[in-house]
Structures are given as C-alpha cells and as structure tokens.
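A closer look at the structure
So you can see what is in the structure, the chains are spelled out below.
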Amino acid sequence: LVARTEEIQKKRSQLPIFSEEMNIVEAINDNLVTIVCGETGSGKTTQIPQFLYEAGYASDGQMIGITEPRRVAAVSMAERVGEELNRPDIVSYQIRYEGNRSEKTKILFMTDGVLLKELETDMMLNKYSAIIIDEAHERSMYSDVLLGMLSRIVPLRQKSAKPLRLVVMSATLRLDDFTHPRLFLTPPKVLKVDARQFPVTVHFERHTPTDYMAAAFRKVCSIHEKLPKGAILVFVTGQREVQQLVNKLTRRYEMKFEETKLGEKLIVGGKKWKQKKKEETKDFTLEKFKDEIEREEMKIDGKDLDEKGLVEDMWSDCEEDEEEQDLEENLGVSSLGPPPSGCEPLYCLPLYSLLSTEKQKRVFEKPPEGVRLCVVSTNVAETSLTIPGVKYVIDCGFEKRRLYDPVTGVSKFAICRTSQASADQRAGRAGRVSAGHAYRLFSSAVFQDLPKFAEPEIVTKPVDQLVLNLKAINIVKVVNFPFPTPPSAESVEKAEERLLKLGALERTTKNGKTEARINSLGRSLSAFPLAPEYAKMLVMANQHGLLPYVILLIAALSVREPLIPVSSVRGETSEETKAKMTSLLVQRKQWCGKGVSRRLGDVKVLMQALHNCDRQNNSQKACETNFTRPTAAKEARRLRQQLTNLVNGLCKPSQQVLLDPQMDEPTDSQSNLIRQILVACLCNRIAKRVNPSSCTEEVPKGAYHCQHLEQNGKQQMRTVCGVDAEWLPRLAESFCSFSEQNQDDQPEYDAQRDEIVRPVDCWFGPRK
Ligand code: ADP
Ligand code: MG
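Residues numbered from 1 in each chain as written. Chains lettered and ligands numbered in written order. Predicted model: local features only at pLDDT ≥ 70, side-chain atom pairs only at ≥ 80, totals over all residues.

**Some remarks on the overall build of the protein**
We apply this condition: Helix and strand definitions follow DSSP, with helices as H or I runs of at least four residues and strands as E runs of at least two, each counted in order from the N terminus. It is the C-beta atoms, placed from the backbone, that decide contacts: two residues are in contact if theirs lie within 7 Å.
In terms of regular secondary structure, the protein is built from 27 helices and 24 strands. Counting only contacts in the protein whose residues sit at least 6 apart along the sequence, the fraction spanning at least 24 positions is 72%.

**Observations regarding the packing of helix α3 (residues 44-54) against helix α4 (residues 71-85)**
Cut-off, in case you're wondering: The convention used is that axes are lines fitted to C-alpha atoms, helices contributing only their stretch in contact, and that angles between N-to-C directions extend from 0 to 180 degrees. If an angle is under 35 degrees, it is roughly parallel; if it is over 145, roughly antiparallel; if it lies from 65 to 115, roughly perpendicular; otherwise it is oblique. Crossing handedness is defined as follows: a turn of the near helix away from the far one that is anticlockwise and smaller than a right angle gives a left-handed crossing, while the clockwise case is right-handed. Only Asp, Glu, Lys and Arg are considered charged in this grouping, and only Ala, Val, Leu, Ile, Met, Phe, Trp, Tyr, Cys and Pro are considered nonpolar; every other residue, Gly among them, is considered polar.
Two elements in contact, α3 and α4, have axes whose closest approach is 10 Å; the angle formed by their N-to-C orientations is 50°. Comparing their axes, α4 and α3 come out oblique. Taken as a pair, α3 and α4 cross one another with a handedness that is right-handed. Of the residues in α4, those touching α3 at Thr45, Thr46, Pro49 and Gln50 are Met77, Arg80, Val81, Glu84 and Leu85. When its residues are assigned to classes, the contact of α3 with α4 shows 4 nonpolar, 3 polar and 2 charged.

**Focus: helix α17 (residues 464-472)**
Helical periodicity: at 3.6 residues per turn, an α-helix aligns residues three or four positions apart in one direction. The test is simple: Labels follow a simple rule on C-beta atoms placed from the backbone: if 20 or more others lie within 10 Å of a residue's own, it is buried; if 12 or fewer, it is exposed; otherwise it is partly exposed.
α17 sits mainly inside the fold: 9 of its 9 residues count as buried. When α17 is considered as a whole, its buried residues turn out to be Asp464, Gln465, Leu466, Val467, Leu468, Asn469, Leu470, Lys471 and Ala472. Downstream of α17 by a residue or two, asparagine 474 has a phi angle that is positive, lying close to 65°.

**Comments concerning the site of ligand 1**
As a reminder, the rule being used: Contact assignment follows one rule, namely that a residue is near a molecule or strand if its backbone-placed C-beta atom lies within 6 Å of it.
Around ligand 1 sit 15 residues, and of these Lys44, Thr45, Thr46, Phe364 and Thr386 come closest. Of all the elements, α3 adds the most residues to the shell around ligand 1, at 4 residues.

**Describing the pairing of strand β19 (residues 513-518)**
The side chains of a regular strand alternate between both faces of the sheet. Put simply, the rule is: Only when DSSP finds a minimum of two bridges between them are two strands counted as paired.
Both strand β18 (residues 505-510) and β19 contribute to a ladder of 6 bridges, which runs antiparallel. Across the sheet, residue threonine 509 finds its bridge partner in β19, namely threonine 514. Connecting the antiparallel pair β18 and β19 is a turn made up of 2 residues, with asparagine 511 showing a positive phi of about 50°.

**Side note on the sheet that holds strand β4 (residues 107-111)**
Across the sheet, 7 strands lie side by side as β3-β4-β2-β5-β6-β1-β7; this open sheet has parallel pairing. The open sheet has two edge strands, β3 (91-94) and β7 (189-193), and neither has a second partner. Along the sheet, successive strands turn relative to each other by an average axial angle of 20°, direction set aside. Bridge count between strand β5 (residues 128-133) and strand β6 (residues 165-170): 4 bridges; the pairing is parallel. The partner of isoleucine 131 across the bridge, within β6, is leucine 166.

**Thoughts on the pairing of strand β1 (residues 33-38)**
The element β1 is largely enclosed, with a buried count of 6 among its 6 residues. Side chains of β1 alternate between two faces, with Val33, Ile35 and Cys37 and Thr34, Val36 and Gly38 buried alike. Here β1 pairs with β6 via 5 bridges, running parallel. Along β6, the bridge assignment pairs valine 33 with leucine 166. In terms of strand pairing, β1 meets β7 through 5 bridges, oriented parallel. Across the sheet, valine 36 pairs through a bridge with leucine 191, a residue of β7.

**Some remarks on the environment of glutamate 79**
Secondary-structure assignment places glutamate 79 in helix α4. For glutamate 79, a count of 18 C-beta atoms within 10 Å corresponds to the partly exposed category. Once the C-alpha coordinates of glutamate 79 and phenylalanine 109 are considered, the two residues, 30 residues apart in sequence, prove to be 9.5 Å apart.

**Examining the sheet that holds strand β9 (residues 231-235)**
Taken in spatial order, the 6 strands line up as β8-β17-β14-β9-β13-β12 in an open sheet, and their pairing is parallel. At either end of the open sheet lies a strand with only one pairing partner, and these are β8 (200-203) and β12 (346-351). Between one strand axis and the next, the sheet turns through 15° on average, direction left out of account. Running at roughly 170° to β12, helix α9 (residues 239-252) makes contact with β9, β12 and β13 (372-377) of the sheet.

**Some thoughts on the packing of helix α20 (residues 532-543) against helix α21 (residues 547-558)**
At a minimum axis distance of 8 Å, the contact between α20 and α21 shows a crossing angle of 165°. Judged by the angle between their axes, α20 and α21 are roughly antiparallel. Where α20 crosses over α21, the two elements pack in a sense that is right-handed. Here Tyr534, Met537, Leu538, Ala541 and Asn542 of α20 lie close against α21, whose contacting residues are Leu547, Val550 and Ile554. Looking at the contact of α20 with α21, its residues break down into 7 nonpolar, 1 polar and no charged.

**Here's the deal with α4**
Note the following rule: Multiplying one less than the number of residues by 1.5 Å gives the expected span of a helix.
Over its 15 residues, α4 runs 21 Å from end to end, which matches the ideal 21 Å to within 8%, given 1.5 Å per residue. Most of α4 is tucked away, with 11 of its 15 residues classed as buried. Every buried residue belonging to α4 is among Arg71, Val72, Ala73, Ala74, Val75, Ser76, Met77, Ala78, Val81, Glu84 and Leu85, and all of these are buried. Just past α4, the residue asparagine 86 takes up positive phi, approximately 65°.

**Details of the environment of tyrosine 142**
Along the chain, the position of tyrosine 142 falls in helix α6 (residues 141-158). Given 22 C-beta atoms within 10 Å, tyrosine 142 falls into the buried group. Non-local contacts of tyrosine 142, meaning those with residues more than four positions away in its chain, are made with Asp112, Gly113 and Leu116.

**Quick notes on the confidence of the model for the protein**
Here is the rule: Per residue, pLDDT captures the predictor's confidence, and it can take any value from 0 to 100.
Averaged over all residues, the pLDDT of the protein is 77; the fraction at 70 or higher stands at 75%. Taken element by element, the protein is modelled with least confidence in helix α11 (residues 305-308), mean pLDDT 29, and with most confidence in β5, mean pLDDT 98. Of the regions scoring below 50 in pLDDT, residues 270-328 engages in 74 contacts with residues more than four places distant in sequence or in other chains. A low-confidence stretch, residues 753-768 stays under pLDDT 50, and its non-local contacts, those more than four residues away or across chains, total 36 contacts. Interface predicted TM-score (ipTM) for the complex: 0.98; the corresponding pTM is 0.73.

**Some details on the environment of valine 393**
The residue valine 393 is located in strand β14 (residues 390-395) in this model. In this structure, valine 393 is in contact with Leu233, Arg426, Ala427, Arg429, Ala430, Gly436, Ala438 and Tyr439, ignoring residues within four places of it in sequence.

**Re unusual backbone geometry**
One non-glycine residue, asparagine 86, adopts positive backbone phi at about 65°. Here asparagine 86 shows up in the loop between α4 and β3. For asparagine 86, a count of 11 C-beta atoms within 10 Å translates into the label exposed. Positive phi values are uncommon outside glycine, yet phenylalanine 627 reaches one of about 50°. Topologically, phenylalanine 627 is positioned in the loop between α24 (620-625) and α25 (630-650).

Set out below in structure tokens:
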C-alpha cells in the first residue's frame, strides 16, 4: 500500500522506534490512552502517524490527527511525513490562519489551538480515529486543555461504533503529570522507546560569564580549533542572537560558495583574517544612542512570532547591522587572534522557528566535505527539530520567555534561565552519534539553583481566550475542568472579570448561585482565533463597515514596535538629528489630522505609517521615509492578509472585505467610530501617561508612568517599564503623545540635553 523510496526506508530503519512498530500499534489498539515516551530524535513524530496509517486507522473515512504546540513543527512535520509516505496529498497541516487540508487528507498535523476550536463544532471529534498529542511534556496551554477534554471524550467514544484512540507523546521527563488519576480514570499504557544514547560529558564553567554571547563565540572557536571532528550545536535565546553569532563565526571562518554549471554549490574554504582597525572613540552622546538602539532592537527581537503565525524568514533581507563593530569588540574577537593555519572551514547554519522551511531543511542535509557543521539555534532544536551528527553542544543556559502580569494582562519578553530539565535535554543532543560533550556556559552552582522543570504555560499566562473557549463548549465552571495542572483561581477570576467587562459573558443566578455564562457576543468572539478584545474589535467593525481599517489596526497593534520612536532618530550631527526628528514629528502630526480625526492620535499615525509602507511594497526606502521598521511593516502586511482571509472565511459573501491598497483615509465619523471601538474593546489597556514628577514612586529610566484607567472610573497607578513591557506603554505613548495636545504644543528637541521635550500630560478617553 505504501511505496516509500529506498532511501527513506533505510533512514526509517535506523530510527530507534522502527523496531517497536508492532508493540506500539498493539498498545494503541488495546488501550484507550497510550503514552509514548522517547528521546527527541527517536522518531515519534514522524513515525507513529505512519504506523497508525498502515495499521488502518485512516481507512474508515476518518483521520489521524496530530497536535503540535508550535506551528513550525505542524508545517514541517506534515511535509516530512508526506514525503516519507510518498503521498504528500494525504498528509496535511492546519495552523491558525492557513492549511492545505483537503478531501483526501488522512493524516492531519495541526496546532493544539486548532483542534480545540474543532471541539466547538464536533464535540466528539468524530472525524478522527486517533488523536496524537505531541510534545505533551512542553505543557503548552492548549495541549493541557486538550488532554483534559480528551480524557473525557475517549471513554464516551468507546461506547460508539467508532472508538477514538489517544496517544500522548512526551519526552521521558514529566511522566507523572499525565498519569495521575485526576486526569485519566483508567491508568494509561506507558511505552518507553529507548533511543541509542551515548554518554555525554557535561562541562560547567568555573565562573558564570557575564556575557554569554561572547562566551558562546569563544567556545565555538576553541572547539573548532582544538577538538576532533563532530558537529557543534549552540543554543542561544532568539533569532537575533542566532544571526549575530552566525555572522561572527562566518566572518572568522570564511567560506566561499561557488556556483558550478550544474547550479550546485561548491565550497572553497578561504580563511582570510583581516585585522580590524579599532574605531576611534566616539563622543559620549553617540555611544549612548547606540546603547539605545541596541535596546530597541532587543525589543523587536523578543517577539514570539510563532504565536503570530508567521512562518517566514524575516532575516532573508537582513542588512549588516550598524552595531556589528561594537559587537565584535564585545565578543572579544580581537583578543582571540587569527585562527590557526590549516584550520578547516566552519559551515555555520542558523535555526529558529521563523526560518523558512527551505532553509531549515539545510540542517538535515549532509554538510559539504572537509568542513565542520555548526548550527546556532534557539530552543526549536531542543525538542521539535533534531539535527543529525551533533557531538558538541554549547548551552548558554538562557531562553526567551514571555512573562505576563496577571492583573493587567501586560506581557513582556524576558531572557530567563532555563530549567534543569531543559539543560539536560539540550545536553542530550550531543550523544546521538557517538559519545559527546555538552558545554554549559554557567557554573554548577547556577545549575543547582535552577528549577527542575519550567512551569506549565497555563499557570503563567492570562487565560482569557481559554476561558472563553471553554465556556463556548459549555464548560461553565472552568475551575472544575480536569486540567493536568489547573490555572490559579485568581487568574481564572480575573479573566472572567475582563470578559464580563468586554461583554462576552453575563452573570446569571441559578438556584442562588451566580455564574458567568457566555452570551451571543461571546460566542461570536470565540469563533475567532484571536484575543477576545481583538475579536470584539472585528465584530464591532463589521457592524459599522470598518473592517479594512480595523484589520489594519489590529495588524499594526500586533507587531512589535512598528514605529521608530522619535528618541531613536539620529543623524551624523546634532543639526541633522534635529532636522530628522523635526521631519518625523511634522509628518506624524500631519497624519494625526485635524479636528475630529485628530482624536485618533497616534493610532492614526500607526495605521497611516504602515499603510503608506504597504502601498509601496514595504520597500526599504518606503520604510525609511515613513520612519517605520521594515521587518515590522512586512509582518503587519502578512497579518493583514491573514486577518482578511480569516474574516472572509467567517463572513457572508456579501460582507467580504478586500485588502485594499488604495484605501481612503477614514472620514471624521469613521475616525470617531474607530476610536469608540478602541475604547470599548481595549478597556483594560487604556492608560494615561502622567508626569513622573507627580508620582510618588521612583520611575525607572525608560519607563512610563501610567495611570491605568478602569472602565468603571476607578483608577489604578502602575509603573510600566517602557523598555520591555509590550502593550501598555505603546498604547500609552500612542494615545498620549499626540491625541489631545494643544495644536501649538510643538514637541521640541533639546540639543543640549539630547532629548525630546514634550508635554506628557494628555488624555485618551472622554474629557471631563
Ligand atoms: P522525535 O519526534 O522522536 O523527536 P522525529 O520523528 O521528529 O523524532 O525525527 C526522527 C528523525 O527524522 C530525526 O533523526 C531527524 O533527524 C529526522 N528528520 C526529521 N525531519 C526531517 C526532515 N525534514 N528531513 C530529514 N530528516 C528529518
Ligand atoms: Mg517529535
């Protein structure tokens, strides 16, 4: 039935899971719930769906569904399995906004949120004969919820003609989380797949270095220059760090790619070592400015794009960075001296979730002869993707995490220490082909202090959308749901409060008990795979014929730092700086418009800037003249398209909207409506920026002091760090810097202090 190529068949037969096929299929046949544990790379994700397919699970018009916590895994694994089966037509993927599912689909890879959504229309998941929850140990919010749901659905389906099988796949670590009786009443069958694992020697630093990027760079150099053959895998925290390190390494161990007649790439190792001239010391203000840019860039980089669903390579058009030079200093390149003669080239590849599937594939290919492979990766290589041939692992000991303030729902990205489990998982990547070495760029004392496991997502994130989704499938008492780890009662309560305020829930009293139940607005909102407040913006926009504007606005508010802040604009001289800043301010003031439309303030500026760029294909030039970040502009464009598709998929044909590149400016009455929509939907996130001198607390540098406005008139003071808090300050800045200012309150640039002097006391919201 299945005609695999010889090459694929050979590769499969080398996987540890291959010889377990019979046992696995038997266990799944005989048990309602089976847990399969195995090291990353043992073949769980690619093989188990094929085992089930060949065992006839998709023969009865039903499908085999596999959920992934990450989009990148859903897309790339669907492609890989299609290729292995030699039937790309029957293996599909479905992620938040897109997919290639068809009538023919037999194996469907999807993100966990997608399957949860399906439960609303198909409570018993009758389309599926088996559901595989992959990477369950990652404890993503939706995979946790799915486990809770499925623990109840599976016994119910048992009574029907077509039972449902559940397979939970996990790394060995957190088994107890899934076997306690609160979740599965009958204990699930547990299977362990032993991966061939060679011993890995773990090396700690005697002292934890202050700069892990510099330490990582030096470690790669010393391994490459001194130690025997074997690929190197480096873990850093984000896309930007990956690219920085790859750039540095590529520059040190230069490699030339030549096109041959056949179009193949031939590699010539050419090691040129150029002594870099030390830059003359720059004046103080410029240094400070560079610092600032660095911080700005960090903000953009921090974005968790997986969540936004953009699986594209944002670095393909990445320019050489201005601060490269500084970085070179920081990485201590000059102290290293030239690489030894006869040192072989280093074939350095980046890996992160946004990298195009095409480029991700390069890590699976055999590296060219006579070079050493070095992959610099974010934690996608920790579990989802496996790189063959790794002998050395370098672990910076950090990862990027999104941290939430459960009260305001404001999030920020922070670089945090990993858990011990992650560190062990990372180290384990070194022992797949032979005995390996893991270099941890921190001391063993630091390791001892790490938490054993990372906390499950559900206890660290606001649960608004989750609560709404659960209520939409008639789970009223969210706290009673069989979560593997329940969210705190407080965070559920806060989420309910916010949803009540949004109008998505209503309080009803039954038999003396008050409950918050979903209403019809809530049901409409839960149909969108979006945060409830954005969904409400779309619903309201639809009622007023404002969809194209509001879609643009949501896209603009969803990307990180689209506008270049006035304070980051600099020229060569202070005159030039002043001129540039002035032109930016004049431009933005003009976009603010006059009269009523002015009340949209920086929201209008945001929309206008991105729309202008979009109209000119987001070219470098267009972004420059509109003081917009190119990566953000391009991303906003993709989100706009995705949201447009999404809305069109949900609307009646007569209400379809177009992504109109020639969209007119909103009229006064439209501006007023957009403003009202914003206030109604983002009621939890509106803030007033206040003068720091009127505050009792100390305001940290780069922070805004915001007065948080509650809809019921109560006010709450909060200090929000402008450097990394994502939402509040941006809105605060948006609404405050232009909207309600006096026409003649021209913001000014004070050259002496090298900063913008502008009024800070202004309001967004109804004036008293
Ligand atoms: P697990 O889910 O147990 O971590 P996988 O099924 O993802 O393991 O991977 C099994 C093997 O298949 C790995 O060794 C990996 O290198 C290989 N593999 C996965 N995806 C691809 C791909 N796109 N191209 C080539 N090899 C791949
Ligand atoms: Mg896997």
